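One-letter residues, chain by chain:
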Amino acid sequence: MSNKQPATIPTVKRRLISMVYETLLGFAVLFLPFLIFEVAVHGSHTPTLEHMRQALAFLVLGAYFIHQWSRDGQTLAMKTWRLKLVRPGHNHLSLQTAAVRYLLSWMWVLPALLAALVLDLHKWQALGAVGAGILLWSLTAFLDKDRQFLHDKLTGTRLVQLPPPEKKKKAVPAV
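A brief look at the structure comes next. Computed from a prediction, not measured in an experiment: that's the story for all the values here. (Residues numbered from 1 in each chain as written. Predicted model: local features only at pLDDT ≥ 70, side-chain atom pairs only at ≥ 80, totals over all residues. Heavy atoms only, no water.)

### A few points about the overall build of the protein
- Check the secondary structure of the protein and you find seven helices and two strands.
- When its helices and strands are written in sequence order, the protein yields α-α-α-β-α-α-α-α-β.
- Counting only C-alpha atoms and orienting by the principal axes, one finds that the protein spans roughly 70 × 40 × 30 Å.
- A buried classification covers 35% of the 175 residues belonging to the protein.
- For the protein, contacts bridging at least 24 residues in sequence account for 67% of all contacts bridging at least 6.
- Only carbon and sulfur atoms are counted for the fraction: they give 70% of the accessible area of the protein, which is about 11,800 Å². (Helix = DSSP H or I, 4+ residues; strand = E, 2+ residues; numbered from the N terminus. Buried < 20%, exposed > 50% of the residue type's maximum accessible area, 1.4 Å probe, protein only. Contact = heavy atoms within 4.5 Å. Areas by Shrake-Rupley, 256 points an atom, 1.4 Å probe, with all protein chains shown as cover.)

This is the structure we're talking about:
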């Protein structure tokens with residue numbers, strides 16, 4: 001990080017708000033691949049095609065996050081909220097570390113999705129289970145002294161808060 005001030009630990013609230021923005025951007029990332037897919041399958045809905053949609057979303061989002069994290073440690077949402085993903089002692093995240101972090105980040109929703117499947121939950125109940133799963137995973141930050149989420153702890157990565165950019169001084173006109 002080339003900024004003059006050291007990075008600080010972002011609040012859990014700030015990271016969760018950034019994730020809401022990230023979710024909206026995720027829909028934008030998925031739009032074109034899904035449009036192409038829907039045109040190719042003529043909008044059909046069979047169990048096989050539903051699984052293909054899920055796999056497409058997983059792969060497209062994976063490509064997006066892994067690329068962004070390994071390139072400069074930030075997605076667009078992270079840049080907006082001045083968050084950066086770092087691995088102490090390394091200049092940047094390797095593709096492998098970014099991929100493992102992406103897989104582990106599915107723990108935000110995967111246990112809840114599996115519980116909804118096993119318990120045969122539908123619509124609002126399933127959505128409630130996912131919400132509860134997200135809440136429980138976010139609480140893992142309170143198990144770490146630096147408030148890092150469990151998937152960051154497991155991959156040796158950490159989110160840091162970057163300082164605000166320096167304000168440009170107005171040029172004084174020559175008299």
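### Regarding the packing of helix α1 (residues 12-40) against helix α2 (residues 47-72)
- Look at α1 against α2: their axes get within 10 Å of each other, and the N-to-C directions meet at 130°. Taken together, α1 and α2 sit at an angle that is classed as oblique. For the pair α1 and α2, the crossing hand works out as right-handed. Taken together, the residues of α2 that come into contact with α1 (itself represented by E22, G26, V29, L30, P33, F34, F37 and E38) are L49, M52, R53, L56, A57, V60, L61, Y64 and F65.
- A class-by-class count of the residues in the contact of α1 with α2 yields 13 nonpolar, one polar and three charged. (Axes fitted to C-alpha atoms, helices over the stretch in contact; angles between N-to-C directions. Parallel < 35°, antiparallel > 145°, perpendicular 65-115°, else oblique. Left-handed = near helix turned anticlockwise from the far one by under 90°. Nonpolar A, V, L, I, M, F, W, Y, C, P; charged D, E, K, R; others polar.)

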